[in-house]
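Understanding the architecture of this molecule
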Amino acid sequence: MSTIDYSQKIPNNVDLKSDKRLQRALEAWLPDYINWWREMGPTDFNENDVYLRTAVSVDRDGWANFDYVKMPDYRWGIFLTPTEPGGKIGFGDHMGEDVWQSVPGEYRNWLRRLIVTQGDTEPASVEQQRLLGLTAPSLYDMRNLFQVNVEEGRHLWAMVYLLHSSFGKDGREEAAELLERRSGNADHPRILTTFNEPCHDWLSFFCFTMFTDRDGKYQLLSLAESGFEPLARTTRFMLTEEAHHMFVGQTGIARVVRRTCEAMNENPDKTAEEMGVIPLETIQRYINYWASSSLDLFGAEVSSNSANFFGAGIKGRAYEQKNYDEHTALDQGYQLDRWSDGSITTEEVPLRNAMNEVLRDEYIKENEKGIDYWNRECEKAGNDFRFTYPNRRFNRKVGEWSGGFFHPNTGEPMTKEAYEAAALDWLPSQKEADYVKSLMVQVTAPGKFANWIAPPLRGINGQDVDFEYVKL
Ligand SMILES: [Fe+2]
Ligand SMILES: [Fe+2]
């Protein structure tokens, strides 16, 4: 049983009090963090009691403790999964050597960059979602939004702990910068493009938690294999929290689909707009937009960085130990489609250089299961509509496919003219986005839901659906 020291300002299981310097540095960062939260976190709800889970232990059953909390009082703590004595680096050029407890000098810059990039996404998503409480379709959904927000805040803490504890002065500077960049700010944006896209409505929020948070999951899975043990232990614990975020996305979309199908069955002569629900075609276009944008987060198909990170043993594949037998990835190739001079060719590239694509493959497989899940909602309702996951070449802004135009279903190349003529069918139009936004009304009576979304099948932590999840 790992013990959490609650006598300290910052709950932790890393024996923070034994390192006075680090403790003081983090305690100095804390008020800046709270200021950031008040300025850029959820608007209007900081004085309300929210039924939230707080990590109080990293043990299997003990990490989720539910109670009413005001968000600024949330105990953002530092939790690492237990260390495994005698741990060895599991892949790359240092395979079989002892894991590192401190940052190896030669990999310091790479590791810092990985940690800062991961860390930057956490507050970015909170900023993107800060207005959504005002249009929450129910108290249940509002609570889930705030749960995601406080946990992304905690994930920022997790990365800041690593920066403060392992990277000296430049780590402290990076930690300060993480509170200064702002999502969507032209002068000082967040690092990755997707995390600068606005998330103004709940359909976007559900797509974000489904597709963008899942990119986070796969990045964390690959970092959970890291030879730098504090990073591996931190990310393993973050993954337990991340699962709920994707649950919110997957079930959120399913509930929108269920409600639309139900309304269509009740009123076969009316349009979705007349009934105030979201057309299934619109949902598909939102999926196309967020799925393609999230695919960009994995980076270029062929990447010397990915080869370096793997070779160094700092970033592995998802489930490196569980799913692979061979862990050097040397003398192996990966068959990759490439886009050059207006045609698609297949080329074998060294496996290490294709690690971004290997991770993307795994990510796509999981997303496709989510699509099947939504299609079962259509099937159950007797509706013939079927959702599809867009081809990975579609609408890309990063990497190999960003240089061309590709069909979302077949992945076939298209001329710019043909693509642009069809793009309105594939991506949300302004009019459509305005319509979705027009449906966003705040519903605050316990157990009541906005007209465009069905209630969940069950409540949170065994509570009823009509439980008062937020006290307004
Ligand atoms: Fe996160
Ligand atoms: Fe998340």
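Everything discussed here concerns the structure shown above.
Note that this is a predicted model, so its numbers are computed, not measured. (Residues numbered from 1 in each chain as written. Chains lettered and ligands numbered in written order. Predicted model: local features only at pLDDT ≥ 70, side-chain atom pairs only at ≥ 80, totals over all residues.)

A separate point is the overall build of the protein. For the protein, the count of helices and strands is 13 helices and seven strands. Taken against the 2.2 N^0.38 rule, which gives 23 Å for 472 residues, the C-alpha radius of gyration of the protein at 23 Å falls within 12% of a compact globule. Projecting the C-alpha coordinates of the protein onto the three principal axes gives extents of approximately 70 × 60 × 40 Å. Counting only contacts in the protein whose residues sit at least 6 apart along the sequence, the fraction spanning at least 24 positions is 69%. (Helix = DSSP H or I, 4+ residues; strand = E, 2+ residues; numbered from the N terminus. Rg over C-alpha atoms; globule rule 2.2 N^0.38 Å. Contact = placed C-beta atoms within 7 Å.)

Counted residue by residue, strand E4 (residues 343-350) has zero buried out of eight residues, so it is predominantly exposed. Here strand E3 (residues 333-340) pairs with E4 via eight bridges, running antiparallel. Note on E4: the bridge partner recorded for serine 340 is serine 343. Between E3 and E4, which pair antiparallel one after the other, the connecting turn spans two residues, and aspartate 341 there sits at a positive phi close to 50°. (Buried ≥ 20, exposed ≤ 12 C-beta atoms within 10 Å, placed from the backbone. Pairing = 2+ DSSP bridges.)

Interhelical geometry of helix H1 (residues 20-40) versus helix H3 (residues 139-166) gives an angle of 145° and a closest axis separation of 11 Å. For H1 against H3, the interelement crossing comes out right-handed. Across the interface between the two elements, Leu22, Ala25, Leu26, Trp29 and Trp37 from H1 touch Gly153, Val160, Tyr161, His164 and Ser165 from H3. Residues belonging to the contact of H1 with H3 are distributed by class as follows: seven nonpolar, three polar and no charged. (Axes fitted to C-alpha atoms, helices over the stretch in contact; angles between N-to-C directions. Left-handed = near helix turned anticlockwise from the far one by under 90°. Nonpolar A, V, L, I, M, F, W, Y, C, P; charged D, E, K, R; others polar.)

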